[in-house]
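Residue strings, one per chain:
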Amino acid sequence: MLIDEREQEIVSRAQNNPDSFAPLYDHYFPKIYNYIYHRVQNTQLAEDLVSETFYKALSNIKKFQWQDRTFACWLYTIARNQVIDQFRRQKPVLLDDSKGEMTEPEVNSPEEKVLMDITRDEILEAIKTLSSDQQDALLLRFHEDLKIKEIALVLNKNEGAVKALLFRGLKSLRKKLEGGDYHEAV
Amino acid sequence: MRQFEWDKSLEELCSSEQEVQDLKEVASMFCDMQKTESSSSFRDSLKNNLLKNEKVLKIPRRKLFTRPLFATAAAAAVLVIIALSVFSNPRQIDPKITSPGDYPPLEIAQVDPLVSELDLTPGGEEDTNEQPNVDVPGNGKIDPVPEVSKPKDNTSGDPGSSATHTPIEDSLKEEPEFEAWRNEKSFKLAGNLLLSPVYYNVTAEEGITPSQNVNYNWKPSKTVVATGVAGETVGSKAWARELLLNEGFMPSEADYLRINSQETQKGLFVEVFYRDLKSSGLTLVLHFQEGKGILAYYYEDMGEAKEAGFYPILSPSKAFEQAKNLEWFGPTQRLNFSFQEVTLTYHLFTIEENGVEKSIKLPAYCFLGMETFNNGGVLKVYLPAVK
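The model shown is predicted, which means the values in this text are computed figures rather than measured ones. (Residues numbered from 1 in each chain as written. Chains lettered and ligands numbered in written order. Predicted model: local features only at pLDDT ≥ 70, side-chain atom pairs only at ≥ 80, totals over all residues. Heavy atoms only, no water.)

**Student:** I'd like a rundown of the overall build of chain B, residues and numbers included.
**Tutor:** The helix and strand tally for chain B stands at ten helices and 13 strands. Burial statistics for chain B: of 387 residues in total, 44% are counted as buried. Taking contacts inside chain B between residues at least 6 apart in sequence as the whole, the part at least 24 apart equals 60%. Surface summary for chain B: the accessible area is close to 20,200 Å², and the carbon and sulfur share equals 52%. (Helix = DSSP H or I, 4+ residues; strand = E, 2+ residues; numbered from the N terminus. Buried < 20%, exposed > 50% of the residue type's maximum accessible area, 1.4 Å probe, protein only. Contact = heavy atoms within 4.5 Å. Areas by Shrake-Rupley, 256 points an atom, 1.4 Å probe, with all protein chains shown as cover.)

Okay, structure coming up:
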């Protein structure tokens, strides 16, 4: 609760003075970039959409009201809308091979690192086959660590619907991965 | 390995302990998936341009922020403008942008005491706040800047906690509840339908013989596969229009379109109500399940031809199969038709019962086609939509 109050103060400052948006940017940039990148899987496009997201957030921050949702929910909602608009505007995006700059996971052995790489590629492939809402729910829950009630606000669904999306998303993902190399590797 | 927080409430949807373990394993893999970071140059230049533009330039386009090349060009342009400004009126210079070649870090990001204390990582969060729940199902309408909705009372606790979560069965129906099912009707034709011959650029009075070499096909103007895998959000109006386009309808902004999405334990179901206002068509009702596609077709009768209610009908492609029973007449023996559009409407058909023919008004698909072999003329063919 204290954390929320602090964030509220920062947001309030940014609403009064755009200079104060910087700390919010610093804190949320990696999260928003990671979310958008995994949704579009293309570095250039991710950069465009991240730019758009923060521009909209900054230009509309005065409209943000601290009622039932956190600033994070508000920001992820803008980011999600950018992704959806992008899918509307254009044909399927060309996926990139570069996969951005990945942070190194903690791995203990070379075998584990190989498995981690294989798994990530396979998961990325499998994610693409899920519905847009399932992708959002899984990424926001298990990659961005949002709680179900926060995801519900971002997706504009009730918590039950988000749970169903997570359940079906995980199930589909499991099914896709069962057919791939993951189990052989394991 | 990252700390992995499993949602116990998801286990209510699992049918066995094995399934719980399977899903946990996938969720854990998902959690361990590497995060992607952007280049620091992009992050810094976006930040600099973003804040600088907000303060001084007010240039609202993303391309300016995005590429270092664009950012550099923009900075150069700003430099030129500033240089001109300096020479023409030095008092108007903003000292913060007199050196745009480099991007000094903003002081506020470095020294703000609130920032150094800010730790929003969920792992360390002890959040007991009651956050109001929004139970409005998504309608796919995209609001570029989300407004905060009014809070409601909600006593459900943290969904990650098994102690206070709401059982999913309470919030999710097992089966969809389609509106059409509440007033579903059925009817059976008392007799045999007699399809009228098709006359293309000739009339029945001319007494010609049927064309012998007639080809026809139904190729709706498909745009994308509306499975919800990619593209439009299932349940949105844009998605519904794609779905209708794929079926051969030509929905426009002015048409009546109503969508009812339902998350159930069996997945996402959508009921689409569509009426073409231009041609005063009937209301078509589609039942759709995410991942499976269209489950059923209905039309709504307002009491004009039958008792008011929803009647199951054929899909356009199924109805088009009846074209094989048609007799075709044209100016040449060889005719080739391609049908791409369809509307749902009423049409008078002839029915034969005990040797007596009579006219009957039935829902019908009007297929709009073009003759592609000779002169490209347009042709409409009405086929019954009744099952």
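After that view of the structure, there is still more to cover.
**Student:** Give a description of the packing of helix H6 (residues 132-143) of chain A against helix H7 (residues 148-155) of chain A that names residues and reports values.
**Tutor:** All names here are of chain A. Two numbers describe how H6 lies on H7: the axes approach to 10 Å, and their chain directions differ by 140°. With respect to their mutual orientation, H6 and H7 come out oblique. In the crossing of H6 with H7, the sense of the turn from one axis to the other is right-handed. Residues Asp133, Asp136, Ala137, Leu140 and Arg141 of H6 form the contact with H7, whose own contacting residues are Ile148, Ile151, Val154 and Leu155. Split by residue class, the contact of H6 with H7 holds six nonpolar, no polar and three charged. (Axes fitted to C-alpha atoms, helices over the stretch in contact; angles between N-to-C directions. Parallel < 35°, antiparallel > 145°, perpendicular 65-115°, else oblique. Left-handed = near helix turned anticlockwise from the far one by under 90°. Nonpolar A, V, L, I, M, F, W, Y, C, P; charged D, E, K, R; others polar.)

**Student:** Report on the sheet that holds strand S7 (residues 283-289) of chain B, specifying residues and quantitative values.
**Tutor:** Hydrogen bonds along the backbone pair up the strands of a sheet, which may run parallel or antiparallel. Across the sheet, which stays open at both edges, the five strands sit in the order S5-S6-S7-S8-S9 (chain B) with antiparallel pairing between neighbours. Each of the sheet's edge strands pairs with one partner strand only, and the pair in question is strand S5 (256-264) and strand S9 (309-313) of chain B. Across the sheet, the axes of successive neighbouring strands diverge by a mean angle of 25°, strand direction being ignored. Where S5(B) and strand S6 (residues 267-275) of chain B come together, nine bridges link them in antiparallel fashion. Residue B:Tyr256 lies in a different strand from S6(B), and its bridge partner there is B:Arg275. Lying over the sheet, helix H8 (residues 159-178) of chain A contacts S5 and S6 of chain B, oriented at roughly 70° with respect to S5(B). (Pairing = 2+ DSSP bridges.)

**Student:** How would you sum up the side chain of A:Arg141? Please name residues and give values.
**Tutor:** When you line up the elements, A:Arg141 lands in helix H6. Excluding its chain neighbours within four sequence positions, the residues that come into contact with A:Arg141 are A:Leu146, A:Ile148, A:Ile151, A:Leu166, B:Glu5 and B:Asp7.

**Student:** A description of the packing of aromatic side chains should follow, citing residues and the corresponding values.
**Tutor:** By the definition in use, this model includes 34 aromatic pairs over all chains. Both rings, one in A:Phe21 and one in A:Phe54, keep their centres 6.4 Å apart while their planes meet at 75°; by these two values the pair is edge-to-face. Of the two residues, A:Phe21 sits in the loop between helix H1 (2-16) and helix H2 (22-40) while A:Phe54 sits in helix H3 (residues 43-60), which places them 33 residues apart along the sequence. We classify A:Phe21 as buried; its relative accessible area is 0%. Taking the relative accessible area as the measure of exposure, A:Phe54 reaches 0% and is therefore buried. For the ring pair A:Phe29 and A:Phe54, a centre distance of 6.1 Å and an interplane angle of 25° mean the geometry is stacked. Taken as a pair, A:Phe29 in helix H2 and A:Phe54 in helix H3 lie far apart in primary sequence, 25 residues in all. Put simply, the rings of B:Tyr200, B:Tyr216, B:Trp218, B:Phe249, B:Tyr274, B:Phe320, B:Trp328, B:Phe337, B:Phe339, B:Tyr365 and B:Phe367 pair up and form one aromatic cluster. Of note, B:Arg258 hangs over the ring of B:Phe273, and the distance from its end group to the ring centre comes to 4.0 Å. The ring centre of B:Phe187 lies 4.3 Å from the NZ or CZ of B:Lys306, which sits over that ring. (Phe/Tyr/Trp six-rings, centres within 6.5 Å; stacked < 30°, edge-to-face > 60°. Lys NZ or Arg CZ within 6 Å of the ring centre and 35° of its normal.)

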